[in-house]
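Observations on the model geometry
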Amino acid sequence: MTNIQSAAVTAEAGGPLVPEGLPTEPQKAKPAWRSLNFGPRMWISLGIIGAVAALAFIGPLFYPYGPDQKVGSLYDSPSAEHILGTENFGYDVLAVLMASARNSLIIGLLAGTIAVLIGVAIGILAGYIGGWVEEALMGFTNIVLAIPSIVILILISISLQSTNVAFLKGVVGLALVIGITAWPWTARAVRAQASSVATREHIDVAKLSGARTPSIMVRDVLPYLASYAVMAWVLQLASAILAESTLSMLGLGPSGANSLGKQLFWALAFQAVATGAWWAFLPPTIVLTMISFGLLYLQSSLDEVFNPRLRRGKKKNLAKAAARREETARKLAEQNQRVEVTA
Amino acid sequence: MSDLDSLEPRPATGQPVLSATHVTKQFRVSGGHITAVDDVSVDFHAGKVLAVVGESGSGKSTLARMLLRLMPVTSGTITYNGKDVTHIKGSELRGYWRDVQAVFQDPFSSFNQFYTVGQTLRRGMGSQGLEKETLDQLIETCLGYVGLKPADAVHKYPHQLSGGQRQRVMIARALMMNPKVLLADEATSMLDASLRVSALNVLQDLRANLGLTVLFITHDIGQACYLADEVVVMEHGLVVERGTTDAVIFEPKNDYTKRLLADVPDLKGSLKVRKDV
């Protein structure tokens, strides 16, 4: 007797249609956030980045001291009043750290976004159109790649220091400089993907539907590259924050604004390491490390979200599912036996 | 095409609508080139079904892509209604694509998976300036031709449809443009047997009811004989045999055609029965 027959016999006999021990109620739908398939790595990385963002954007609302408020003298030790002591100018280190983290994050966001926009635009144009357009754009990209970006960054930053345009000397200017020098790797990666997408049949169908080239690039190619663009953006964000720190440590940071790199620059300039004033250089280093680690970890966990084959714990889940199936089959078999005995 | 009346049958004139004349396609490879299509000439007559048959690598899909102007020819000419369309570009090419449509092999990869069926169908009509009601009615008509109801399809994404439904939607999409020529490139090869017959019947009906000129590309000579008025057999980029379906089946001249026919069990008997009916 098959399971279906035995279930039918049970139902005719007035017994339960579903064998005992099996769920009779429909299972509740998963909450929306669970359908995102975020693994533990994603939550850890989001937690780290969230902590830094909270320090940078929410912290100043509750902290009594401002970054421009002189509260002590050179390198006062940490105390109950000033948790991380004071820095070389007598400002509260934690207050400066909050402002620095905020500016560094803003620079990273702006620069990363600019780099990804330029990289994706050039990559899609080259990959989709191909021919001499691809040759020209990729040739230009390779030239930009061949020039050491730190040299370009330093040269442009120095030239911006002497400009009369105020905003170019600050956070926005620095983000622009980093953004317009950081796009080539994104362009190359996107070009490779775009040229692959361009050969798919849905592109031919779009052409046959009368779609024009810009429409095809935006509607038919770009959505297929979204996962790459998001991952590239996260990486660009991390590298832009590190680039800002490098420039600031060389004394080419944003004029009139704090940044993590500038904190390190002043700490080195005023012998914080030699005098043992660890509170001047260690907090910005830790925050920088947290941002870089969090973003790189986020990038690798995004890889798992976009590519389910890379997900960890899959074997464990499969084993659990197999065990559930075995348990269900066992209960069904027991139920069948009971029905046959009764018959 | 801009209204529903245009989905009316067209009379078969017997004149070639689409022609490929001495068309050759070569691909560059390291150390030389390979010839995928070698000096092929074929005519497509209005209201007829022409099948191009051959094994994988025989050049039939390359020929179709050249006819569709999705791939440039190395040499030769493609003529549509007497006009040379071999090198047209821009709006002229888009105009050509309104008249010459295609259904491809893989019914899933033919869709942009980010758009619903409704969005996919409406896309081709974006430049026509049709009112919403007219467009909805056109979608209903075209889906109706392929046996689908708008309520069952337009709000669905491709992954929510079966393989047969996807291929039907793709045929409906082509019909939305009111084409004069429809190229079906292995359009049934990825469908299972029951869906395959139904897709073939849809193509048969379109030819009978709308007078569409159909180019049916397949590796299955059985399907070609079921659907086509004329058959062209290709091998290694060359046309090795051509003729009416009856002539190719009952009096094959080329050994390759004979081999293809030998692979189809009882094809002659089946064809006799069909023709008797």
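Residues numbered from 1 in each chain as written. Chains lettered and ligands numbered in written order. Predicted model: local features only at pLDDT ≥ 70, side-chain atom pairs only at ≥ 80, totals over all residues.

Some remarks on the pairing of strand E10 (residues 238-244) of chain B
Residues and elements named next belong to chain B. Summarising the sheet, strand E9 (residues 230-235) and E10 pair through six bridges and their orientation is antiparallel. What sits directly across from Met 234, in E10, is Val 239. Turn length for the E9-E10 hairpin, with the two strands adjacent in sequence and antiparallel, is two residues, and the turn residue His 236 shows positive phi of about 50°. (Pairing = 2+ DSSP bridges. Helix = DSSP H or I, 4+ residues; strand = E, 2+ residues; numbered from the N terminus.)

Things to note about helix H11 (residues 260-269) of chain A
Since one α-helical turn is 3.6 residues long, residues separated by three or four positions face the same way. Residues and elements named next belong to chain A. Of all ten residues in H11, eight are buried; the element is thus mostly enclosed. By the burial criterion, the buried members of H11 are Leu 260, Gly 261, Lys 262, Gln 263, Leu 264, Phe 265, Trp 266 and Ala 267. As for H11, its buried residues are in contact with helix H3 (93-129), helix H10 (213-249), helix H12 (272-275) and helix H13 (278-306). (Buried ≥ 20, exposed ≤ 12 C-beta atoms within 10 Å, placed from the backbone. Contact = placed C-beta atoms within 7 Å.)

With respect to the domain arrangement of chain A
Domain parsing of chain A yields domain 1 (39-312) and domain 2 (315-343). Here the C-alpha centre of domain 2 of chain A lies 54 Å away from the C-alpha centre of domain 1 of chain A. (Domains from an automatic or database assignment.)

Here's the deal with the sheet that holds strand E1 (residues 16-29) of chain B
Residues and elements named next belong to chain B. Pairing is antiparallel across the open sheet formed by four strands, whose spatial order is E2-E1-E4-E5. On the outer flanks of this sheet lie strand E2 (32-45) and strand E5 (83-84), each paired with one strand and no other. Pairing geometry for strand E4 (residues 75-80) and E5, over two bridges, is antiparallel. Looking at the pairing, Tyr 80 lines up with Lys 83 of E5. Against the sheet, helix H1 (residues 60-67) engages E1, E2 and E4, with an angle of about 115° to E1. (Axes fitted to C-alpha atoms, helices over the stretch in contact; angles between N-to-C directions.)

Topic: the confidence of the model for chain A
Residues and elements named next belong to chain A. When the pLDDT values of chain A are averaged, the result is 84; 85% of them are 70 or greater. Least confident of the elements in chain A is helix H1 (residues 3-12), whose mean pLDDT is 40; most confident is H3, at 94. Long-range and interchain partners of residues 1-26, a stretch whose pLDDT sits below 50, account for 24 contacts in this model, where long-range means more than four residues apart. (pLDDT = per-residue confidence, 0-100.)

A few points about the packing of helix H6 (residues 163-176) of chain B against helix H7 (residues 193-210) of chain B
Residues and elements named next belong to chain B. Two numbers describe how H6 lies on H7: the axes approach to 10 Å, and their chain directions differ by 15°. The angle between the axes of H6 and H7 places the two elements in the roughly parallel class. Remark: the crossing between H6 and H7 carries right-handed chirality. When H6 is examined against H7, the residues Gly 163, Gly 164, Gln 167, Arg 168 and Ile 171 are found in contact with a partner set consisting of Leu 195, Ser 198, Ala 199 and Val 202. (Parallel < 35°, antiparallel > 145°, perpendicular 65-115°, else oblique. Left-handed = near helix turned anticlockwise from the far one by under 90°.)

What about the environment of Leu237(A)?
Note that Leu237(A) resides in helix H10. When the C-alpha positions of Leu237(A) and Val116(A) are compared, they lie 9.5 Å apart, and in sequence the two are 121 residues distant.

Section: the nonpolar core
With 155 residues, the main nonpolar core has Ile178(A), Ala51(B), Ala172(B), Leu215(B) and Phe216(B) as its most contacted residues. The element that contributes the greatest number of residues to this core is H3(A), accounting for 21 residues. The contacts of Ile178(A), once residues within four sequence positions are left out, are Ile107(A), Ala111(A), Leu153(A), Ala240(A), Ala243(A) and Glu244(A). (Core = buried A, V, L, I, M, F, W, Y, C linked by C-beta atoms within 7 Å.)

A few points about the packing of H3(A) against H13(A)
All names here are of chain A. Where H3 contacts H13, the axes come no closer than 10 Å and their chain directions differ by 30°. Here H13 runs roughly parallel to H3, going by the angle between their axes. The two elements H3 and H13 meet at a crossing, and its hand is right-handed. Contacts between H3 and H13 involve Val 93, Leu 97, Ser 100 and Ala 101 from the former and Trp 279, Ala 280, Pro 283, Pro 284 and Val 287 from the latter. Classifying every residue of the contact of H3 with H13 gives eight nonpolar, one polar and no charged. (Nonpolar A, V, L, I, M, F, W, Y, C, P; charged D, E, K, R; others polar.)

Overview of the interface of chain B and chain A
Taken together, the contacts link 16 residues of chain B with twelve residues of chain A. Where the side of chain B that touches chain A is concerned, the elements lending two or more residues are helix H2 (90-99) and strand E6 (100-103) of chain B. It is H2(B) that contributes the most residues to the side of chain B that touches chain A, three residues altogether.

What to know about the sheet that holds E10(B)
All names here are of chain B. An order of E6-E7-E8-E3-E9-E10 is seen for the six strands of this open sheet, with the pairing classed as mixed. The open sheet has two edge strands with one neighbour each: E6 and E10. Neighbour to neighbour, the strand axes of the sheet diverge by 15° on average, direction disregarded. By the bridge criterion, four bridges tie strand E3 (residues 49-53) to E9 in an arrangement that is parallel.

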